[in-house]
Amino acid sequence: MNHRPFEDWLLEDQPLDPTQKRELNAHLRNCNACRAIAESNLALRSARVVSPAPGFSARWQERLVLARRAQRRKTLLGTLFFSLGGLLLLVLLAGPILVSLIGSPAEWISALVHVLLFLYTTTLAVSEAGSIILRVLPDFLPPFVWLVLLSTLSGLGLLWSVSIWRLMRRPQGATS
Amino acid sequence: MNEEQTWILQAKNGSDEAFTYIVETYQTPVYNLCYRMLGQPEAAEDAAQETFLRAYQHLHRYDIKRPFATWLLSIAAHYCIDRLRKRKLPVFSVDEDEESTFEIPDAQAPHPEAETVHGEQREQIHTMIGSLDATDRAAIVMRYWYDFSEKEIADALNLTVSAVKSRLHRARKQLGKLWQESSTTAQVERSPYESPAF
């Protein structure tokens, strides 16, 4: 028999019947390549299991305490960041109203009317400009650009949601 | 439900004591896999600790119907594969100061010389494993140290069974070649000290 089936038996680690074992042993006496595979297989089988240094679970508990502390810090920072961001946005949007609230009622009413008028005219202007853009833009932009724009916007939205989720989630058991 | 599953369920419900029991039960298999994958005791200790931390954090995802050892060793293997890929150059050494890494030949053994040879062979194979691709290495370690079937290796490493077969086949061939080369080198190195020619 030629070399190939013996090499395949060894490389595929197939169970052999007594006749095959005898044939393989005879082949191994003459074939250095197959003997090397057989010996390395044998060395792998006789390799022993290595244990960690004593006190592994105590060291793990210390690591768990550190991980919990880091997780708490991360959650706190995330919450703080989003809360401050939200607060800042609120102050920026509600700034004019807050300023007018501090003043006299006449000024307040006048400021409110101004703000409402401003919002109304801005909305009208934006919607008019938007409708013009939507009418004109499709002629200028090819469909694949729309596709890219929409994909980018959805990707950014997804990234934003995932970031919030990752910052806010609490891992299993890390609550105590 | 067996005792292990009871501990796992308790750990899933937040019992630190139950998870500590799991750490104590599986510390050796996890550490051994990390050591065989990374080749250094310090890196193996760090990887094993990280494996248990990840298992603790994601225990809610563990499906109680699957074998826990497969799930845990899968985390360890993936972590080690990532570490090896991040390492630009493979660092694989036989560490002299790790008391449990080297096997001192047993003087009381019937054949102390044979014991030494076996010890050398074990370290030789340990060093050779370091030359394998990270995933091939994980497959070999799971096959020979944990007696995992090809299906179990495939599940643990997210591969198909045929991919596992092919990886094991390739890894065995490579190890055989390295074994042959190192045997030839050893013979050449030894020859000057052999009996003088008459």
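Quick caveat: nothing in here was measured; it's all calculated off a predicted structure. (Residues numbered from 1 in each chain as written. Chains lettered and ligands numbered in written order. Predicted model: local features only at pLDDT ≥ 70, side-chain atom pairs only at ≥ 80, totals over all residues.)

A few words on the overall build of chain B. Counting its regular elements, chain B contains eight helices and zero strands. Put simply, chain B runs from its N terminus to its C terminus through helices and strands in the order α-α-α-α-α-α-α-α. Split into buried and exposed, the 198 residues of chain B put 32% on the buried side. Relative to all contacts within chain B whose residues are 6 or more apart in sequence, the contacts with residues 24 or more apart total 62%. (Helix = DSSP H or I, 4+ residues; strand = E, 2+ residues; numbered from the N terminus. Buried ≥ 20, exposed ≤ 12 C-beta atoms within 10 Å, placed from the backbone. Contact = placed C-beta atoms within 7 Å.)

Helix and strand content of chain A: six helices and zero strands. Taken from the N to the C terminus, the helices and strands of chain A come in the order α-α-α-α-α-α. A buried classification covers 10% of the 176 residues belonging to chain A. Long-range pairs, those at least 24 residues apart, make up 46% of the contacts in chain A with a sequence separation of at least 6.

Moving on, we come to the interface of chain A and chain B. With 31 residues of chain A in contact, the opposing surface of chain B contributes 38 residues. Looking at the side of chain A that touches chain B element by element, the count peaks at 11 residues for helix 3 (residues 32-46) of chain A. Here the residues of the side of chain A that touches chain B are counted per class, giving 16 nonpolar, nine polar and six charged. (Nonpolar A, V, L, I, M, F, W, Y, C, P; charged D, E, K, R; others polar.)

Within the largest apolar cluster, 60 residues are counted, with the highest numbers of intra-cluster contacts made by B:Val30, B:Cys34, B:Met37, B:Ala76, B:Ala77, B:Cys80 and B:Ala139. Once residues within four sequence positions are removed from consideration, B:Cys80 is found in contact with B:Cys34, B:Met37, B:Leu38, B:Ala47 and B:Ala138. (Core = buried A, V, L, I, M, F, W, Y, C linked by C-beta atoms within 7 Å.)

A few words on unusual backbone geometry. With the exception of glycine, the majority of residues adopt a negative phi angle, and the majority of peptide bonds are in the trans configuration. Residue and element names in this part refer to chain B. One non-glycine residue with positive phi stands out, namely Asp-147, at about 55 degrees. Its location among the elements puts Asp-147 in the loop between helix 6 (134-146) and helix 7 (150-157). Judged by the 9 C-beta atoms lying within 10 Å of it, Asp-147 falls in the exposed class. Backbone geometry at Asn-158 places phi at a positive 55 degrees, although glycine is not the residue there. Classification of Asn-158 by C-beta neighbours within 10 Å gives exposed; the count is 11.

All names here are of chain B. Close contact between helix 6 and helix 7 brings their axes to 10 Å; oriented N to C, the two are set at 135 degrees. As far as their axial angle goes, helix 7 and helix 6 are oblique. Read as a crossing pair, helix 6 and helix 7 show a hand that is right-handed. Here Thr-135, Ala-138, Ala-139, Met-142 and Arg-143 of helix 6 come into contact with helix 7, specifically with Ile-153, Ala-156 and Leu-157. (Axes fitted to C-alpha atoms, helices over the stretch in contact; angles between N-to-C directions. Parallel < 35°, antiparallel > 145°, perpendicular 65-115°, else oblique. Left-handed = near helix turned anticlockwise from the far one by under 90°.)

Helical geometry note: an α-helix holds 3.6 residues per turn, so side chains three or four residues apart project in the same direction. All names here are of chain B. An ideal rise of 1.5 Å per residue puts 27 Å on 19 residues; helix 4 (residues 68-86) measures up with 27 Å between its terminal C-alpha atoms. Buried residues of helix 4: Leu-72, Leu-73, Ser-74, Ala-76, Ala-77, Tyr-79, Cys-80 and Leu-84, and no others. For helix 4, the elements touching its buried residues are helix 2 (16-38), helix 3 (41-57), helix 6 and helix 7. (Expected span 1.5 Å × (residues − 1).)

Turning next to the confidence of the model for chain B. All names here are of chain B. Averaged over all residues, the pLDDT of chain B is 81; the fraction at 70 or higher stands at 75%. Averaged pLDDT values for the elements of chain B fall to 68 in helix 5 (residues 112-129) and rise to 95 in helix 3. Every residue in residues 191-198 is under pLDDT 50, and counting partners more than four places away or in other chains gives zero contacts. This complex was scored by the predictor with a pTM of 0.68 and an ipTM of 0.73. (pLDDT = per-residue confidence, 0-100.)

A separate point is the environment of B:Ser74. Looking at where B:Ser74 falls in the secondary structure, it is placed in helix 4. In the structure, B:Ser74 is positioned 82 residues away from B:Ala156 in sequence and 4.6 Å away in space, judged by C-alpha atoms.

A few words now on the packing of helix 4 of chain B against helix 7 of chain B. All names here are of chain B. In the contact formed by helix 4 and helix 7, the axes pass within 8 Å of each other and the chain directions differ by 55 degrees. Regarding the angle of helix 4 to helix 7, the classification is oblique. Crossing geometry of helix 4 relative to helix 7 is assigned as right-handed. Seen from helix 4, the contacting residues are Thr-70, Leu-73, Ser-74 and Ala-77; seen from helix 7, they are Glu-152, Asp-155, Ala-156 and Leu-157. Of the residues contributing to the contact of helix 4 with helix 7, the split by class is four nonpolar, two polar and two charged.

Time to look at the confidence of the model for chain A. The pLDDT averaged across chain A works out to 85; a share of 93% of its residues lies at or above 70. Mean pLDDT per element in chain A: helix 1 (residues 3-12) of chain A is the minimum at 85, and helix 3 of chain A is the maximum at 89.

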